[in-house]
Amino acid sequence: MVNIGIVGSGLVGSELLQQLKVTGAKRLNVVGFTTSKKMVLSDTAYAPLDLGQWKEALQQGVAADLGVFAKYLSSGKDHGIIVDCTASDSVAELYPSWLQLGLSVVTPNKKGFSGPLELYKSIKSLSGNLNGSGKAPFAYHESTVGAGLPVLNTLADLVNTGDKVVKIEGIFSGTLSYLFNNFSSLTGGNGQSFSENVKVAKELGYTEPDPRDDLNGMDVARKVTICGRLAGVDLDLSTLPVENIVPGPLQTVASADEFMAKLPEYDAHFAQMNEDAKKEGQVLRCVGLVDVQGGQSGVKLTKYPGSHPFASLQGSDNIIKFTTEYFPNGLIIQGAGAGAAVTAFGIFSDILKVQGRVE
């Protein structure tokens, strides 16, 4: 039996609760959930909460206090797991204190694993699956890269079995995958301008409310940093080369609406880049690279020939290729890398990994 406390009840948190409810979640006791304002904790017997009534329970909840929340979870006789479903820096900064209480951490929040190197090293040193001790507590964060795709689990297996990772490259952003799969294709793409493709992606909910938060490459940079650190390279967001494909004058406009209104002025710029690539039999793709041995890690818009796996990607899929000593021709993982259902699936899988190790 493990006791679970869930932080954040947005799209991912609510989907996770639904998946736990539907599956029956044997020996997985959800004993607490909290938002930034209110929280609900079970009783001193740690009886499971009703997952069908969590919204109503939260409305009647007490004032949120993550210190009290963590202390409650750590005081039970069964192992406690805090699942952080937020994207908060301040919540991620609490991971070391939670691990010190003996609580495992499961999260899709990229901030703790891509933020300050000092924070990451603190989390790593306290996590049995990351520090080599194999002892609880643990920190699992599969869903920080590729949602539910087994990217980090595969990478950890490669590292732990002594394989030498040469490089990791991939299309890590579902948003940028969708944009360039539709805009840049040897068969002509969908015929829409770059700004039209961004507009459609925004309307479909693929982009952040301000699409510049996708186009600036920082989401990909966080995932590159996470993969690099797991592969043994101390990457840092502050020094990682990241190509921002937002045209310079639009990087500082005040609002997303103003950005969207002015983006068509730069359609000719993107069309020319696309045409230049097509003349060479290539397509444009926004790619993240962890160059373990060559030191050329970063995020950039680059060209790939039509025969390359990155060129034939469909929809908003992610694709990640590991090149290693054991897999010199590459090991490829591909599939849906965004969305609440697959992200919650990845979190659920990590919870089961912790349960399997402590029971």
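Up top is the structure.
Since the model is a prediction, treat every value here as computed from it, not as a measurement.

Novice: Could you give an account of unusual backbone geometry, with specific residues and numbers?
Specialist: The linkage connecting Ala136 with the following residue, Pro137, adopts the cis geometry, with an omega of 5°. Locating Pro137 in the fold gives a position in the loop between α7 (117-126) and β7 (139-140). Positive phi values are uncommon outside glycine, yet Tyr46 reaches one of about 55°. Here Tyr46 shows up in the loop between β3 (38-41) and α2 (54-59). Phi angles above zero are rare outside glycine, and Ala147 is one such case at about 50°. Topologically, Ala147 is positioned in the loop between β7 and α8 (151-160).

Novice: An account of the packing of aromatic side chains is needed here, citing residue identities and associated values.
Specialist: For the coordinates displayed, the defined rule picks out 11 aromatic pairs. On the numbers, 5.7 Å between centres and 35° between planes, the contact of Tyr95 with Trp98 is tilted. Highlighted residues: Tyr95 and Trp98, both in helix α5 (residues 95-100), separated by 3 residues, approximately one helical turn. The pair formed by Tyr95 and Trp98 is uniform in burial state, with each residue classed as buried. Arranged with centres 6.4 Å apart and planes meeting at 45°, the rings of Phe138 and Tyr140 form a pair that is tilted. In this structure Tyr140 comes out as buried when scored by relative accessible area, which is 14%. Ring pairs connect the aromatic residues Tyr95, Trp98, Phe113 and Tyr120, which therefore count as one cluster.

Novice: Describe in detail the sheet that holds strand β6 (residues 104-106), supporting the description with residues and values.
Specialist: Overall, mixed pairing links the 7 strands, which are arranged β4-β3-β2-β1-β5-β6-β7 in an open sheet. On the outer flanks of this sheet lie β4 (62-63) and β7, each paired with one strand and no other. As judged from the 2 bridges shared by β3 and β4, these two strands associate in the antiparallel manner. Bridge assignment links Lys38 to a residue of β4, and that residue is Ala63. Most of the contacts of helix α15 (residues 340-358) go to strand β5 (residues 79-84), to which it runs at about 165°, and overall it touches β1 (2-7), β2 (28-34), β5, β6 and β7.

Novice: Please provide a residue-by-residue account of the environment of Ser36, values included.
Specialist: Along the chain, Ser36 turns up in the loop between β2 and β3. Separated by 24 residues in sequence, Ser36 and Val12 have C-alpha atoms that sit 15 Å apart.

Novice: So what's going on with the pairing of strand β9 (residues 282-291)? Which residues, and what values?
Specialist: Along β9, 10 of the 10 residues are buried, which leaves the element largely enclosed by surrounding structure. Residues Gln282, Leu284, Cys286, Gly288 and Val290 point to one face of β9 and Val283, Arg285, Val287, Leu289 and Asp291 to the other, with burial holding for every one of them. With 4 bridges joining them, strand β8 (residues 165-171) and β9 adopt antiparallel strand pairing. Note that in β9 the partner of Gly170 across the bridge is Gly288. Here 8 bridges tie β9 to strand β10 (residues 298-305), and the two strands are oriented antiparallel to one another. Counterpart to Leu284 in the pairing with β10 is Lys303. A loop of 6 residues connects β9 with β10, the two strands running antiparallel in sequence, and Gly295 in this loop sits at a positive phi of about 70°.

Novice: Can you explain helix α1 (residues 11-23)? Please cite residues and give values.
Specialist: Along its 13 residues, α1 runs 18 Å from first to last C-alpha, staying within 8% of the 18 Å computed at 1.5 Å per residue. For α1, the set of buried residues is Val12, Gly13, Leu16, Leu17, Gln19 and Leu20. Buried residues along α1 cover an arc of 160° about the axis, so they all sit on one side. Pointing more than 90 degrees away from the buried face of α1 are the exposed residues Leu11 and Val22. Structurally, α1 contributes buried residues whose contacts are with β1, β2, α2, β5 and α15. Where α1 terminates, the next one or two residues include Gly24, which has phi positive at roughly 85°.

Novice: Hey, could you go over the pairing of strand β12 (residues 331-336) for me, with residue numbers and the actual values?
Specialist: Sheet topology note: the strand β11 (residues 317-324)/β12 ladder contains 6 bridges and is antiparallel. The residue of β12 that forms the bridge with Ile319 is Gln334. The turn joining β11 and β12, which pair antiparallel and follow one another in sequence, is formed by 6 residues; a positive phi near 100° is taken by Gly330.

Novice: So what's going on with α7? Which residues, and what values?
Specialist: Think of an α-helix as turning once every 3.6 residues; residues three or four places apart then point the same way. For α7, the set of buried residues is Leu117, Leu119, Tyr120 and Ile123. One face of α7 carries all of its buried residues, which in axial projection span an arc of 160°. Those residues of α7 that are buried are in contact with α4 (89-92), α5, α6 (111-114), β7 and α12 (218-230).

Novice: Residues and numbers for the sheet that holds β9, please.
Specialist: Read across the sheet, 5 strands follow the order β10-β9-β8-β11-β12 without closing on themselves; strand pairing throughout is antiparallel. Every interior strand has two partners, whereas the edge strands, β10 and β12, have only one. Geometrically, the sheet is characterised by an average inter-axis angle of 25° between neighbouring strands, direction not taken into account.

Procedures and definitions
- Along every chain, residues carry numbers that run from 1 in the direction the sequence is written.
- In view of the model being predicted, local features appear only for residues whose pLDDT reaches at least 70, and side-chain atom pairs are presented and counted only at 80 or more, with totals across whole chains, interfaces and linings using the full set of residues.
- Computation of side-chain values covers all heavy atoms of the structure but excludes hydrogens and water.
- Secondary structure follows DSSP: runs of H or I at least 4 residues long count as helices, runs of E at least 2 residues long count as strands, and numbering of each begins at the N terminus.
- A pair of Phe, Tyr and Trp rings is counted when the ring centres sit within 6.5 Å of each other, with Trp represented by its six-membered ring. The angle between the planes then sorts it: under 30 degrees is stacked, over 60 is edge-to-face, the rest tilted.
- Buried residues are those whose accessible area, probed at 1.4 Å on protein chains only, stays under 20% of the maximum for their type, while exposed residues exceed 50% and partly exposed ones sit between those limits.
- Only strands that DSSP links by at least two bridges are regarded as paired with each other.
- Two residues form a contact once any of their heavy atoms are found within 4.5 Å.
- Axis geometry follows a simple rule: fit a line to the C-alpha atoms, using only the stretch in contact for helices, then measure angles between N-to-C directions, giving values from 0 to 180 degrees.
- Expected span of a helix, by definition, is 1.5 Å for each gap between consecutive residues, and there is one gap fewer than residues.
- Comment: arc refers to directions from the helix axis out to C-beta atoms.

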